[in-house]
Amino acid sequence: ITSAQKNTLPPASPPEECISLLRGLMSVELRVQLFAKAKELALQSAITVTLKPEDEVILCEDFLERYLFEACPPLRALKGSAYLAVNDEYALPEQELRLRASDDLALIPPISGG
C-alpha cells in the first residue's frame, strides 16, 4: 500500500469490546447528600451511585428511581414528595439532567414545622 492509498482507506472501526470497555471507563460516580427524613430513612448522610454511560442524559425522575431508590429502597417512601437539587437548584421530575462527577447533588425531603 502506497502512502497515497493509505489516505483513501476508510478509518478502521474499533472492535465492539473496545467500545464496551471505554463506556465502562466513562461511568460517572455521583455523591448525593441526604437531609432530614431522607437521612433518617437511609441511616446515612450521603449515598454514592455510579451513573451508567448510557444515562449521560437522564430525566430527574428516572435518576431518582433507577439510581437513588435502587441504591437505598427505604428512600422510596419519599417518592413524589422529595426534590433533587443539582448545584443548589431544584430539578423538576420531568427535567432532563446532564450529570457530572463535579455536580453537587442533594435529596431534599418535604420540611414540616414552623
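Everything in this summary refers to the structure shown in the same document. Note that the structure is a prediction, hence the values are computed from the model and not measured. (Residues numbered from 1 in each chain as written. Predicted model: local features only at pLDDT ≥ 70, side-chain atom pairs only at ≥ 80, totals over all residues. Heavy atoms only, no water.)

**Looking at the overall build of the chain**
Piece 1. Broken down by element type, the chain carries 4 helices and 7 strands.
Piece 2. Burial statistics for the chain: of 114 residues in total, 28% are counted as buried.
Piece 3. Excluding contacts between residues fewer than 6 apart, the proportion of contacts in the chain whose partners are at least 24 apart in sequence is 54%.
Piece 4. For the chain, the accessible surface area stands at approximately 7,800 Å², while carbon and sulfur atoms represent 54% of it. (Helix = DSSP H or I, 4+ residues; strand = E, 2+ residues; numbered from the N terminus. Buried < 20%, exposed > 50% of the residue type's maximum accessible area, 1.4 Å probe, protein only. Contact = heavy atoms within 4.5 Å. Areas by Shrake-Rupley, 256 points an atom, 1.4 Å probe, with all protein chains shown as cover.)

**Some remarks on the side chain of Asp 55**
Piece 1. Along the polypeptide, Asp 55 turns up in the loop between strand S2 (46–51) and strand S3 (57–59).
Piece 2. In this structure Asp 55 comes out as buried when scored by relative accessible area, which is 8%.
Piece 3. When sequence neighbours within four positions are dropped, the list of residues in contact with Asp 55 reads Arg 66 and Tyr 67.

**A short note on unusual backbone geometry**
Piece 1. With a phi close to 50 degrees, Ala 36 is a non-glycine residue in the positive phi region.
Piece 2. In this structure, Ala 36 sits in helix H3 (residues 36–42).
Piece 3. The exposure class assigned to Ala 36 is partly exposed, which follows from its relative accessible area of 41%.

**Some details on the packing of aromatic side chains**
Piece 1. Per the stated rule, a full pass over the model turns up 2 aromatic pairs.
Piece 2. Ring centres of Phe 63 and Tyr 67 lie 5.6 Å apart, and the angle between their planes is 25 degrees; this geometry places the pair in the stacked category. Of this pair, Phe 63 and Tyr 67 are both found in helix H4 (residues 60–71), 4 residues apart, which corresponds to roughly one turn of the helix.
Piece 3. Assessed through its relative accessible area of 6%, Tyr 67 is described here as buried.
Piece 4. Where Tyr 83 meets Tyr 90, the ring centres are 5.5 Å apart and the plane angle is 65 degrees; that geometry is what we call edge-to-face. (Phe/Tyr/Trp six-rings, centres within 6.5 Å; stacked < 30°, edge-to-face > 60°.)

**Details of the nonpolar core**
Piece 1. Phe 63, Leu 75 and Leu 107 are the most contacted members of the largest nonpolar core, which totals 26 residues.
Piece 2. Counting residues per element, the ones that place at least two in this core are strand S1 (28–34), H3, S2, H4, strand S4 (83–86) and strand S7 (105–108).
Piece 3. Sort the elements by how many residues they give to this core and H4 lands first, with 6 residues.
Piece 4. Setting aside residues no more than four positions away along its own chain, Leu 107 makes contact with Val 32, Gln 33, Leu 34, Phe 35, Ala 38, Leu 64, Leu 68, Leu 75, Leu 78, Ala 82 and Tyr 83. (Core = buried A, V, L, I, M, F, W, Y, C linked by side-chain atoms within 4.5 Å.)

**Regarding the sheet that holds S7**
Piece 1. One open sheet accounts for 5 strands, arranged S2-S1-S7-S4-S5; its pairing is mixed. The strands lining the two open edges of the sheet, one partner per strand, are S2 and strand S5 (89–91). Taking the axes of each pair of neighbouring strands and ignoring which way they run, one obtains an average angle of 35 degrees across the sheet.
Piece 2. Of the pairings in the sheet, the one linking S4 to S5 comprises 3 bridges and is antiparallel in character. Residue pairing in the sheet places Leu 84 in a bridge with Ala 91 of S5.
Piece 3. Sheet contacts for H4: S1, S2, S4, S5 and S7; angle to S2, the most-contacted strand, approximately 115 degrees. (Pairing = 2+ DSSP bridges. Axes fitted to C-alpha atoms, helices over the stretch in contact; angles between N-to-C directions.)

**Things to note about the environment of Leu 75**
Piece 1. Relative to the elements of secondary structure, Leu 75 occurs in the loop between H4 and S4.
Piece 2. Remark: the alpha-carbon pair of Leu 75 and Leu 34, spanning 41 residues in sequence, is separated by 9.9 Å.
Piece 3. Aside from chain neighbours lying at most four places away, what touches Leu 75 is Leu 34, Ala 38, Leu 41, Ala 42, Ile 47, Leu 68, Phe 69 and Leu 107.

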